[in-house]
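# Residue-level structural notes
What follows is the residue order along each chain.
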Amino acid sequence: MSNEATGATNARSTGADAGNLGYLALGLTLLAYGLLSTGILSGTGVGDAAQLAHLVGGITLFVAGLWQLRGGEAFTGTAFTSLGAFWATWSAAGGAGKNAAGLFLLLWALLALTLTAASWGAGLVSRVVYGLFTLSLVLSAVATFGGYGGLAKFAGWVAAVSGLAAWYWATSALSNGAWGRISLPLK
């Protein structure tokens, strides 16, 4: 995705572009999911991110995706609406068995892999966001199938780094146009 497609060229003149909102929502959701998966906060787990995943990841990403599709942005529209559906479904399926949950994660890893391939020419940050998200889903699926707690925590760290990359993307797009120069490069 080019700087023009994300609104990074001039953040003030791209009022119809919901890309920044989508990447902020994706970043926040991945950070919450990832950090809560690691167990670094005592007494919390990945289930504690369900409400955030439903509202921010599910609804906000889905709406941002529809907005992008309406604006002619096929890639981000597809990415955000499908990832919005992922987070909404994940938050609603809290009681799924390990095989169903593992299969769910693997199937969504295929979508994330498609997004990684589709974003390949858009620059390093794009590849990092979707590539690490794909890796996190695959690792989470394997950990779920096998009951590997350590692998699940590692997958959480990978998701958190992907979330930071998405957050960086949105921050770059929003701030570079406002500062009048490119301070946080996207490529």
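Every value quoted in this text rests on a predicted model; they were computed, and no experiment measured them.

Conventions used here
- Residues numbered from 1 in each chain as written.
- Predicted model: local features only at pLDDT ≥ 70, side-chain atom pairs only at ≥ 80, totals over all residues.
- Heavy atoms only, no water.
- Helix = DSSP H or I, 4+ residues; strand = E, 2+ residues; numbered from the N terminus.
- Expected span 1.5 Å × (residues − 1).
- Buried < 20%, exposed > 50% of the residue type's maximum accessible area, 1.4 Å probe, protein only.
- Phe/Tyr/Trp six-rings, centres within 6.5 Å; stacked < 30°, edge-to-face > 60°.
- Axes fitted to C-alpha atoms, helices over the stretch in contact; angles between N-to-C directions.
- Parallel < 35°, antiparallel > 145°, perpendicular 65-115°, else oblique.
- Left-handed = near helix turned anticlockwise from the far one by under 90°.
- Contact = heavy atoms within 4.5 Å.
- Nonpolar A, V, L, I, M, F, W, Y, C, P; charged D, E, K, R; others polar.

### Some remarks on helix 6 (residues 124-146)
- A rise of 1.5 Å per residue sets the reference length of helix 6, with its 23 residues, at 33 Å; its end C-alpha atoms lie 32 Å apart and thus fit the reference within 8%.
- When we look at burial in helix 6, the residues that qualify are Val125, Ser126, Val129, Tyr130, Phe133, Thr134, Ser136, Leu137, Leu139, Ser140, Ala141 and Ala143.
- Where helix 6 terminates, the next one or two residues include Gly147, which has phi positive at roughly 70°.

### Concerning the packing of aromatic side chains
- In the structure shown here, the tally under the stated rule is 13 aromatic pairs.
- On the numbers, 5.6 Å between centres and 85° between planes, the contact of Phe75 with Tyr130 is edge-to-face. With Phe75 in helix 4 (residues 74-92) and Tyr130 in helix 6, the pair connects residues that are 55 residues apart, well separated along the chain.
- Each member of the aromatic cluster is reached from another via a ring pair, and the members are Tyr33, Phe86, Trp87, Trp90, Phe104, Trp108 and Phe133.

### As for the packing of helix 4 against helix 6
- The N-to-C vectors of helix 4 and helix 6 enclose an angle of 25°; their axes lie 14 Å apart at closest approach. Considering the angle they form, helix 4 stands roughly parallel to helix 6. For the pair helix 4 and helix 6, the crossing hand works out as left-handed. The residues of helix 6 that touch helix 4, namely those facing Phe75, Ala79, Phe80, Leu83, Phe86 and Trp87, are Tyr130, Phe133 and Leu137.
- Per-class residue counts for the contact of helix 4 with helix 6 are nine nonpolar, no polar and no charged.

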